[in-house]
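Each chain, written out:
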Amino acid sequence: MRATALLLTSLLCFCGSAFAQDWELYTNNEDGFKLDFPGAPKITQTTFKSEYGADLPAHVYTATKGQEKYSLTVVDYREAPRLLDEKAKLTCPKDYPDERSCGLVNAGRGYWKEDMAGAVLWATYGFLQRNAKLTHLAFAWQDLVGGHEVQMLNPDQSRTFAFIAMHTDRLYILEGTVPHGYPPP
């Protein structure tokens, strides 16, 4: 009996290490994350338009494994206060009646506090605008960081799973899409 258990344990360890070779732990200190990807991710620099109109720098890390697609978008909100304050001062005259567009110009700031506080909801709203059926939306924790968990059924019957969170003034949008019949990413 012990020999069978030892053999089974050895086999599982060998198979587990063979399977794990497809995935690599990718660490990025600049964007503040560690994440398993199926191979080295492709990195794209882009901008992300915040809810109140700030063009924020972002990096998109993508990888595929067969028909599976994985991505992590990291949006840097650290400059949002400066950008939104400048926008409010440049585009809105004093005593401007449309406070929603210009922020709190008379108080000396744009809507950056509101923009940062609502960033997770804004990114979640972006998922809800897709041509897909929402199947799950919940609050969740990943590595002790709270955020939104989203699951969607796409028109081609593939499924998208996402986690969206804000940590240290960075917005993290983690997404995995798998074909119909595949296990969750």
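This text goes with the structure placed above it.
Throughout this document, residue positions are counted from 1 along each chain, in the order its sequence is written. Local features are withheld for residues below a pLDDT of 70 in this predicted model, meaning they are given only at 70 or higher, and side-chain atom pairs are given and counted only at 80 or more; totals for whole chains, interfaces and linings count all residues. The basis for every side-chain value is the complete set of non-hydrogen atoms in the structure, without hydrogens or water.

### Examining the pattern of salt bridges
- For salt bridges, the criterion is a side-chain nitrogen of Lys or Arg within 4 Å of an Asp or Glu carboxyl oxygen. Taken as a whole and assessed by the stated rule, the structure comprises six salt bridges.
- Across the pair Asp-55 and Lys-49 runs a salt bridge whose closest N-O atoms are separated by 2.9 Å.
- For each residue, the accessible area found with a 1.4 Å probe, counting protein chains only, is set against the maximum for its type, and the residue is called buried under 20%, exposed over 50%, and partly exposed in between. Asp-55 sits in the partly exposed class, given a relative accessible area of 45%.
- Arg-130 is paired through a salt bridge with Glu-175; the nearest N and O atoms lie 2.7 Å apart. Of this pair, Arg-130 sits in the loop between helix H5 (119–128) and strand S6 (133–142) while Glu-175 sits in strand S9 (residues 170–178); the two residues are 45 residues apart in sequence, bridging distant segments of the chain.
- Overall, Arg-130 belongs to the partly exposed group, its relative accessible area being 36%.
- Beyond isolated ion pairs, a larger network of salt bridges with shared partners links Glu-79, Arg-82 and Glu-86. Put simply, DSSP H or I for four residues or longer makes a helix, DSSP E for two residues or longer makes a strand, and each gets a number counted from the N terminus.

### Here's the deal with the packing of aromatic side chains
- A pair of aromatic rings is counted whenever rings of Phe, Tyr or Trp (Trp by its six-membered ring) have centres within 6.5 Å, and the orientation is called stacked for planes under 30 degrees apart, edge-to-face for over 60 and tilted otherwise. All chains considered together, the criterion is met by eight aromatic pairs.
- Consider the rings of Tyr-26 and Tyr-61, whose centres lie 5.8 Å apart with planes at 50°: the pair is tilted. Here Tyr-61 lies in strand S4 (residues 55–65) and Tyr-26 lies in strand S1 (residues 24–28), a separation of 35 residues in the sequence. Assigned by exposure class, Tyr-26 and Tyr-61 land together as buried.
- Both rings, one in Phe-33 and one in Tyr-61, keep their centres 5.0 Å apart while their planes meet at 70°; by these two values the pair is edge-to-face. Here Phe-33, found in strand S2 (residues 33–37), pairs with Tyr-61, found in strand S4; they are 28 residues apart in sequence, far enough to count as distant. Across the pair, exposure class does not vary: Phe-33 and Tyr-61 are buried alike.
- Of the aromatic side chains, those joined through ring pairs into one cluster are Tyr-26, Phe-33, Phe-37 and Tyr-61.

### Quick notes on the environment of Asp-156
- Along the polypeptide, Asp-156 turns up in the loop between strand S7 (145–153) and strand S8 (159–167).
- Sequence spacing of Asp-156 and Pro-179 is 23 residues, and the spatial spacing of their C-alpha atoms is 8.2 Å.
- Of note is the side chain of Asp-156, whose polar atom sits 2.6 Å from the side chain of Ser-158. Polar contacts, as used here, are pairs of N or O atoms within 3.5 Å; protein pairs need one atom able to donate a hydrogen and one able to accept it. Residues neighboring in sequence count only if both atoms are side-chain atoms.

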